[in-house]
Amino acid sequence: MGSSKPFLAGFTLAALLFSVIGDAFAADIKANKKRGQVYYRMVCTACHVDMTGSSIPPSGFTMAEWRAYLDADKHDASGRTNPSVRYYLQQTYRESIKDENKAAKKFLKLPNEQLYADVYQFAVNGAKDSDTPATCN
Amino acid sequence: MKPDPHKQVAPSGLSRRGFLTLCAGAGAGAAMPWRSFQAAERQQQVPAHSWSRGEVIPSTCNMCVNRCGIKCHVVDGVLEKIDGDSRNPKTAGGTCAKGQAGIMALYDPDRITHPLIRAGKRGEGKWRRASWEEAFEYTADKIDKIIEKHGPEGLLFSSCTDLTEVFFIKFGKYLGTPNFARHATLCLASRNVGYFATMGGVPDADLVNAKYILMFGANRMESFELPHNRDLITGLQNGARLVVVDPRMTVTASKGEWLPIRPRTDMALTLALMHVLIKEDLYDREFVASVTTGFDELKAHVAPYTPEWAEQETGISARTIVKMAREMAAAAPAVVVYPGRRSSWYTNDAQFRRTLPMLMALLGAFDTRGASFFNAGKVKLGSFDWELEPVEVAPRFDGFDEENFPLAHHEDGGYINLRDNILNGTGKNPVKGWMLYKQNTLASVADSAKTLRMMETMDFICAIDIQPSQTAWMADIILPETLYLERLDPLWTPAGTTKYVGIRQPVVKPQGEAKTLLEILQGLGAALDKRREFETPFADVYNFTMEDYLDAQLKKLPVDRVTLMKDGLWIPPGQGLKLGEYRNGNKQFKTPSGKIEFVSERFRRNGYDPLPVYEPVVEEPGRQRLVTGRYAWFTHASNQNNIWLNSLHPENEVWINPDLAKEKKIEDGEYVKVRSPVGEIRIMAYVTPRIRKDTVFITHGFGTNSAGQNTLYGKGGADQALMQDRADTISNNQALHETFVEIVKL
Amino acid sequence: MTHHARKLKPERRDFLKGLGVASAAVAGATTLPGKALATVSGRKPRYGMLIDTRKCVGCHACSVSCRSENNVPMRKHRSWVEYVEKGSFPDVTLNFVPRLCNQCSEPPCVEACRDDATYIREDGIVAIDPDTCSGCKRCVRACPYNARFMNPDTGAADKCDFCIDRLAQGMEPACVASCFNKARIFGDLNDPDSNISRMIAGNTVSVLHPEEETRPNVFYIGLDKAYEDDAPAPESYLRITTQRKQNLRR
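For every chain, the first residue of its written sequence is number 1, and the numbers climb from 1 along that sequence. As a convention, the first chain written is A and the first ligand written is 1, with the rest following in written order. In keeping with the predicted nature of the model, local features appear solely for residues at pLDDT of at least 70, side-chain atom pairs appear and are counted solely at 80 or more, and the whole-chain, interface and lining totals rest on all residues. Excluding hydrogens and water, the side-chain values take into account all heavy atoms of the structure.

(A) Structural detail: the overall build of chain B. Put simply, DSSP marks the helices as runs of H or I at least four residues long and the strands as runs of E at least two long, and each gets a number from the N terminus on. Each helix and strand in chain B was counted, giving 25 helices and 26 strands. When a residue's accessible area, from a 1.4 Å probe over protein chains only, is under 20% of the maximum for its type it is buried; when over 50% it is exposed; and in between it is partly exposed. Counting across all 746 residues of chain B, residues that qualify as buried make up 68%. Each accessible area is a Shrake-Rupley result for a 1.4 Å probe, and residues are judged covered by the shown protein chains and nothing else. Accessible area of chain B: about 24,100 Å², with a carbon and sulfur share of 49%.

(B) Representation of the nonpolar core. To qualify as a nonpolar core, a set must consist of buried Ala, Val, Leu, Ile, Met, Phe, Trp, Tyr and Cys residues joined through side-chain atoms within 4.5 Å. If you look at the biggest cluster of nonpolar residues, it comprises 100 residues, and the most contacted ones within it are Leu79, Ile213, Leu485, Trp633 and Leu645 of chain B together with Met49 and Phe162 of chain C. Not counting residues up to four positions away in its chain, the partners in contact with Met49 of chain C are Leu100, Phe162, Cys175, Val176, Arg184, Ile185, Phe186, Ile196, Asn217, Val218 and Phe219 of chain C. Membership of the second largest hydrophobic core comes to 59 residues, among which are Tyr305, Val322, Tyr346 and Ala361 of chain B. Whether two residues touch is decided by their heavy atoms; if any such pair falls within 4.5 Å, the residues are in contact.

(C) Summary view of the pairing of strand β9 (residues 184-188) of chain C. Residue and element names in this part refer to chain C. Most of β9 is tucked away, with 5 of its 5 residues classed as buried. Strand pairing follows a simple DSSP-based rule, namely that at least 2 bridges must link the two strands. Sheet topology note: the strand β2 (residues 47-52)/β9 ladder contains 5 bridges and is antiparallel. Its bridge partner lying in β9, Tyr47 is registered against Asp188.

(D) Examining the interface of chain C and chain B more closely. The interface of chain C with chain B comprises 50 residues on the first partner and 61 residues on the second. The contact between chain C and chain B buries some 4,500 Å² in all, and 59% of this surface belongs to carbon and sulfur atoms. Summed over both partners, the accessible area lost on bringing two parts together, with a 1.4 Å probe, is the buried area. If you sort the residues of chain C by the area they bury against chain B, Met74, Phe89 and Phe180 of chain C come out on top, with a joint share of 18%. Salt bridges are counted wherever a side-chain nitrogen of Lys or Arg sits within 4 Å of a carboxyl oxygen of Asp or Glu. Counting the contacts that link chain C with chain B gives 3 salt bridges. The definition of a polar contact used here is a pair of N or O atoms within 3.5 Å, where within protein one atom must be able to donate a hydrogen and the other to accept one, and adjacent residues in sequence count solely through side-chain atom pairs. Summed over the shared surface of chain C and chain B, the number is 14 residue pairs in polar contact (both at pLDDT 80 or more). Looking at the side of chain C that touches chain B, the elements with two or more residues in it are α3 (61-70), β3 (80-88), β4 (91-99), α6 (164-168), α7 (174-178) and β12 (237-241) of chain C. The greatest single-element share of the side of chain C that touches chain B, amounting to 7 residues, is contributed by α3 of chain C. Throughout, the ten residues Ala, Val, Leu, Ile, Met, Phe, Trp, Tyr, Cys and Pro are labelled nonpolar, Asp, Glu, Lys and Arg are labelled charged, and all others, Gly among them, are labelled polar. Here the side of chain C that touches chain B is built from residues that sort into 22 nonpolar, 16 polar and 12 charged.

(E) Here's a closer look at the interface of chain B and chain A. Listed per partner, the contact involves 30 residues of chain B and 25 residues of chain A. Both faces considered, chain B and chain A share a buried interface measuring about 2,400 Å² in area, 54% of it formed by carbon and sulfur atoms. Three residues, Leu388, Val391 and Glu392 of chain B, lead the burial of chain B against chain A; their summed loss comes to 34% of the area buried on that side. Inspection of the chain B/chain A interface yields 7 salt bridges. Lys102 of chain A serves as the salt-bridge partner of Glu387 of chain B, at 3.4 Å between the closest nitrogen and oxygen. Taken together, chain B and chain A are joined by 14 residue pairs in polar contact (both at pLDDT 80 or more).

(F) Quick look at the sheet that holds strand β21 (residues 624-627) of chain B. Residue and element names in this part refer to chain B. Strand order in the closed barrel formed by 6 strands is β21-β25-β22-β24-β23-β26, with mixed pairing between adjacent strands. Strand-to-strand twist in this sheet, taken as the mean axis angle between neighbours without regard to direction, amounts to 45 degrees. Note: strand β23 (residues 671-676) against strand β26 (residues 740-745), 4 bridges, orientation antiparallel. Note that in β26 the partner of Val672 across the bridge is Lys745. To get an axis, a line is fitted to the C-alpha atoms, and for a helix only the part in contact is used. The angle between two axes follows their N-to-C directions and goes from 0 to 180 degrees.

(G) Just unusual backbone geometry, in detail. Omega for the peptide link from Ala332 of chain B to Pro333 of chain B comes to 5 degrees, which places this bond in the cis form. Along the chain, Pro333 of chain B falls in the loop between α14 (318-331) and β13 (335-337).

(H) Up close: the pairing of strand β6 (residues 155-159) of chain B. Residues and elements named next belong to chain B. Burial of β6 is extensive: 5 of the 5 residues sit out of reach of the surface. Of the two faces of β6, the one carrying Leu155, Phe157 and Ser159 and the one carrying Leu156 and Ser158 are both buried. Where β6 and strand β15 (residues 433-437) come together, 5 bridges link them in parallel fashion. Bridge pairing in β15 links Ser159 to Tyr437.

(I) Summary view of empty space enclosed by the protein. All names here are of chain C. Buriedness of a pocket was judged along seven lines, with at least five required to meet protein on both sides within 12 Å; pockets are open sets of points on a 1 Å grid over the protein atoms alone, cavities are sets where a 1.4 Å probe fits but cannot get out, and lining residues have an atom within 4 Å of a point. Grid points are joined across faces, edges and corners, and a volume is the space filled by probe spheres set on the points. Enumeration according to the criterion identifies 14 cavities of 30 Å³ or more in this entry. Approximately 130 Å³ is the volume attributed to the largest cavity. In terms of lining residues, the largest cavity is bounded by 16 residues, among which Cys56, Cys59, Cys62, Cys179 and Ala183 are the most central. Of the residues assigned to the lining of the largest cavity, the class counts are 11 nonpolar, 3 polar and 2 charged.

(J) Quick peek at the pattern of salt bridges. Residue and element names in this part refer to chain B. Using the criterion set out here, one finds 79 salt bridges over all chains in the structure. For Arg353, the salt bridge goes to Asp349, with nearest N and O atoms at 2.9 Å. On the criterion of helical spacing, the pair formed by Arg353 and Asp349 is a turn pair, its members being 4 residues apart in helix α15 (residues 349-362). The pair formed by Arg353 and Asp349 is uniform in burial state, with each residue classed as buried. Here Arg604 makes a salt bridge to Glu601, at a shortest N to O gap of 2.7 Å. Residue Arg604 and its partner Glu601 are both found in helix α23 (residues 601-605); the two are separated by 3 residues, about one turn of the helix. A network of salt bridges, in which partner residues are shared, links Asp162, Lys438, Glu481, Arg487, Asp489 and Arg504.

(K) Looking closely at helix α8 (residues 195-202) of chain C. For α8 of chain C, the full list of buried residues reads Ile196, Ser197 and Ile200 of chain C. The buried residues of α8 of chain C occupy an angular sector of 100 degrees when projected down its axis, which confines them to one face. Throughout, the arc means the angular range of directions from the helix axis out to the C-beta atoms.

(L) Structural context of the side chain of Thr536 of chain B. All names here are of chain B. Mapped onto the secondary structure, Thr536 falls in the loop between α19 (517-531) and α20 (538-541). Owing to a relative accessible area of 10%, Thr536 belongs among the buried residues under this scheme. Separated by 3.5 Å, the side chain of Thr536 and the backbone oxygen of Leu388 make a polar contact.

(M) Spotlight on the packing of aromatic side chains. Note on aromatic contacts: the rings of Phe and Tyr and the six-membered ring of Trp form a pair at centre separations within 6.5 Å, being stacked when their planes are under 30 degrees apart, edge-to-face when over 60 apart, and tilted otherwise. Applying the stated criterion to the full structure yields 57 aromatic pairs over all chains. With 5.9 Å between their ring centres and 80 degrees between their planes, Trp66 of chain A and Tyr69 of chain A make a pair best called edge-to-face. Taken together, the residues span about one helical turn, with Trp66 of chain A and Tyr69 of chain A both in helix α3 (residues 63-72) at a distance of 3 residues. The buried category is assigned to Trp66 of chain A, whose relative accessible area is 5%. The exposure class of Tyr69 of chain A is partly exposed, given its relative accessible area of 30%. Aromatic side chains Tyr305 of chain B and Trp309 of chain B sit 4.7 Å apart centroid to centroid with 45 degrees between the ring planes, which places their arrangement in the tilted category. What makes Trp309 of chain B partly exposed here is its relative accessible area of 23%. Through successive ring pairs, a cluster of aromatic residues spans Phe167, Phe171, Tyr174, Phe384, Trp386, Phe534, Phe538, Tyr542, Phe544 and Tyr549 of chain B. Distance and angle both matter: a charge sits over a ring if NZ of Lys or CZ of Arg is within 6 Å of the ring centre and within 35 degrees of the ring normal. Lying across the ring of Tyr116 of chain A, Arg86 of chain A places its NZ or CZ 3.7 Å from the centre. Taking NZ or CZ as reference, Arg682 of chain B lies 4.1 Å from the ring centre of Tyr671 of chain B, over its face.

(N) Geometry of the confidence of the model for chain B. For chain B, mean pLDDT is 92; residues scoring 70 or higher make up 94% of the total. A residue's pLDDT is the confidence the predictor assigns to it, expressed on a 0 to 100 scale. Every residue in residues 1-48 of chain B scores below 50 in pLDDT, and together they form 107 contacts with partners more than four places removed in sequence or on other chains.

(O) Region of interest: the side chain of Arg230 of chain B. One can find Arg230 of chain B in helix α8 (residues 228-237). Setting aside residues up to four positions removed in sequence, Arg230 of chain B forms contacts with Pro89, Lys90, Thr91 and Ala92 of chain B together with Phe180 and Asn181 of chain C.

(P) Representation of the sheet that holds strand β2 (residues 69-75) of chain B. All names here are of chain B. One open sheet accounts for 3 strands, arranged β1-β2-β3; its pairing is antiparallel. The open sheet is flanked by β1 (55-60) and β3 (78-84), the only strands paired with a single partner. Recorded for the sheet is a direction-independent mean angle of 30 degrees between the axes of neighbouring strands.

(Q) Quick look at the environment of Gly525 of chain B. Residue and element names in this part refer to chain B. Turning to its location among the elements, Gly525 is positioned in helix α19. With 350 residues separating them in the primary sequence, Gly525 and Leu175 have C-alpha atoms 9.4 Å apart. Apart from the residues within four sequence positions on either side, Gly525 is in contact with Phe171 and Phe538.

(R) Here's a closer look at the environment of Gln467 of chain B. Residue and element names in this part refer to chain B. Mapped onto the fold, Gln467 is located in the loop between β16 (460-465) and β17 (477-480). In this structure Gln467 comes out as buried when scored by relative accessible area, which is 10%. Taking C-alpha positions, Gln467 is 7.8 Å from Gln709, a pair spaced 242 residues apart along the chain. Residue contacts for Gln467: discarding those within four places in its chain leaves Asp110, Ile112, Ala472, Ser638, Asn641 and Gln709.

(S) Structural view of helix α10 (residues 266-279) of chain B. Helix length check: α10 of chain B (14 residues) gives 20 Å between terminal C-alpha atoms against 20 Å at 1.5 Å per residue, within 8%. Of the residues one or two after α10 of chain B, Asp281 of chain B is the one with positive phi, at around 55 degrees. To estimate the expected span of a helix, count its residues, drop one, and scale the result by 1.5 Å.

This is the structure:
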């Protein structure tokens, strides 16, 4: 979790810091599970429900399955959507939906790798064989 | 008749009608500060009660957490009678004494109906009446100062389960505090953790069709959990055997066979039962092979736990244990090993609770008729479109986190370690402000003297409540909330065999100036917005009405709010529960292996014993173990001051076995002193063979420090004044039955 | 609740014994077969209540529901519950006897009333006209069940009337409606097909104090468990507790 005070100022500073350091320090990124949760539920789940009528809760897969899926970065085998998971976490994607999506708007400036790490941790920590299985609600 | 408000608010011969008119008089003339601002505007006449007049409004009870369906008979704006709603699938028209006494909670002369700001020292009972505007500014000022000095993590938010609780917790989140404490760690957290590790959740029970029901301490006939209390009676009528393991003979135990176990040895009994089932080859081989893991390890593990060994521990004869195991096996799979609810007993509670689903699994008593089962879930309500909460928050101040309690639910907090961290200054940061919402910590957390000391360290305490509870009495400001009969609440969808949506709606206008929680938070939020810039301004967060909230919940359902308010509940078509899906492998348990785990992977990888290891009991010679529990007419520590309910049981007593009473020369009905390492109380002795000699029982919610509770004040003794601060090591659930007390003749 | 546990004193034992004998003697007579009821039947209902003590858990829903419905003054009771504890550790029994006016067919209270303020209605309910009642308390003393009290609000005698007002609206009495476990069955004893008549026909039922020959219309299943069965040995424990603060049953 971030150590800064929960105010916009601190938050923006942290965001700036990450964008400067960039992906080169990806391994050092401290994931924020809470942020991952918000993005997962507001963006991923919302879209899944719209497109397919059902959601995919983190607890639908095991930790190993989530890691394999996210590491492979293969979003959808059908070819109807963008094939990359990362695509949906990128700033460009967030920018494209920011007007109708609060989470995309709120995390607009967040570095790609930071958000990726956040969502990654939320999914894996919420996997069905984890200690804290998570639903979409 | 001129009543003396100092003594008794309900003098003999006072009817509800007479009583309401009386309150106004008492308020005007009384010298007592508390009285002087109470009830002035509550002058009203209750007309003669007749069902030929008025209207009947369906709603949902809130006198405990069962949320029974009720029908409220209102005549000329006055609530005259509450009846059960016979269409309600859970409650089928019944109500309990508490539900019936909702009227008295509504018209309680001790109810707080306008904001009160402390005018004397804390707990002195001197208050001054404040306008809501002043109350909001005052509270916002205090919160602002604490944030200024300590950050939002200098605040603690405490609340108890309710449909509106989410609004209160959200308020804390938007403020940016990570520090919450909820009801679960006073109640059922250890059960949840034990069951979650073993089978991924807590199952429901088919008590109607069960042939053998084993309950550990669970007291469904006095501590209601609907529809289980009703189903249990039906099950007994259908010929079920009920065995209740409890050092005290509860009403539930009286309806079955009572096994007065030596306290804290319950795990010895469950381990020995498993021992017999395996040794005598009585377990369900097919079930064990198909849906469990770790049987071989379990077999080796329970080998030393023989019935003869368990007899030494539990006081239950080896013969009885063997007989029980055989009878359960004969009745299997129509056996319910009941999970229980309040499991805040011992420091090893999560491990003990684990043995219950293990025993259940050996019997194959799951996912079939007459056994335990996972129910079909709830009606899926739409979710309200909340503004986003801050995600960059400080860690909890008290170390109740993934690192120290990896399997616990961290948002529930835990009062025992939380309080120590505040008192010892060992937290990550100081906590100086305490916001309470219908939480009576002084009466519900072990060692109330210690809680008082914690309160002394606080710069600010704000209680949102309907009455001057023990805790609210010690606060700096009390914000009066509306009663459940005066407000619209978020919708209610229970998990059960029949799904439905229930509504709680106002049946009468609020008494005095009481506001709904949402209105209180809106006012407080506006006052805070003036002082500080928040990540999301409160004006943007709480800019909705309760009607908006309900409409969002109903978005995807074929019923609208107006219809629901008229009908009181909505039962969707397509009910039904399909059993056997876990047995045939179509569904998996939410455990790492997808099966019922005798050897818990979650426990193992977090450094806990993967199989429950029995710890021998350490007793204190010459002292008795103190246990607590419920009567059917009181809820937690919330309505002992209700005049109708209090009249059923004006003061609590300490239950003493006749042999102990004889040794101590204590007569029934005589006042005695009960002394523990942390406190002592004076209380009436109830000499009864319904309890073991090594155990004493005191029900809770009495011995109030609040002189504002006129009916209750001065009666009985507080169990929490005696209890030592212990907690389950895995779930952080407080452990209320770990204290030994001395009974002293006065 | 107050309570008085005591070693059984001789008179107490005699009392119990006497009750046991009396009940046993009349037990057969009070097991009303459905057919016998049918012969009693006119076209008008005769209301009665059957309380299944096996289903009762002593939760006091009835007690409070009654207070609320009938505006019963504090410390007075139309409806109350006896807790009966018996035995020695660990062989203890606990039974419950919900109590109310027995709506007797031959009520001593009506006989005792000189003002004609208390009377039997056509539907069998023993009712009181508070405006006619002179407050002489004779009926209160005459009732062998201690079911009557003086209402300080009206100055008249008062007691359970099966919630006449609710009956007029086609509703069950408040105590019946509130009972979670359906331990109380209310209905027409003159109708052989009513639930109550069928339950009475199909079970062993008894009444309180049959030796008083009041012919109560409130019946019980399982009363023997509470009172007569396993009559405790002289040195054993017996406690009868009610919220009325009186340990002796009348």
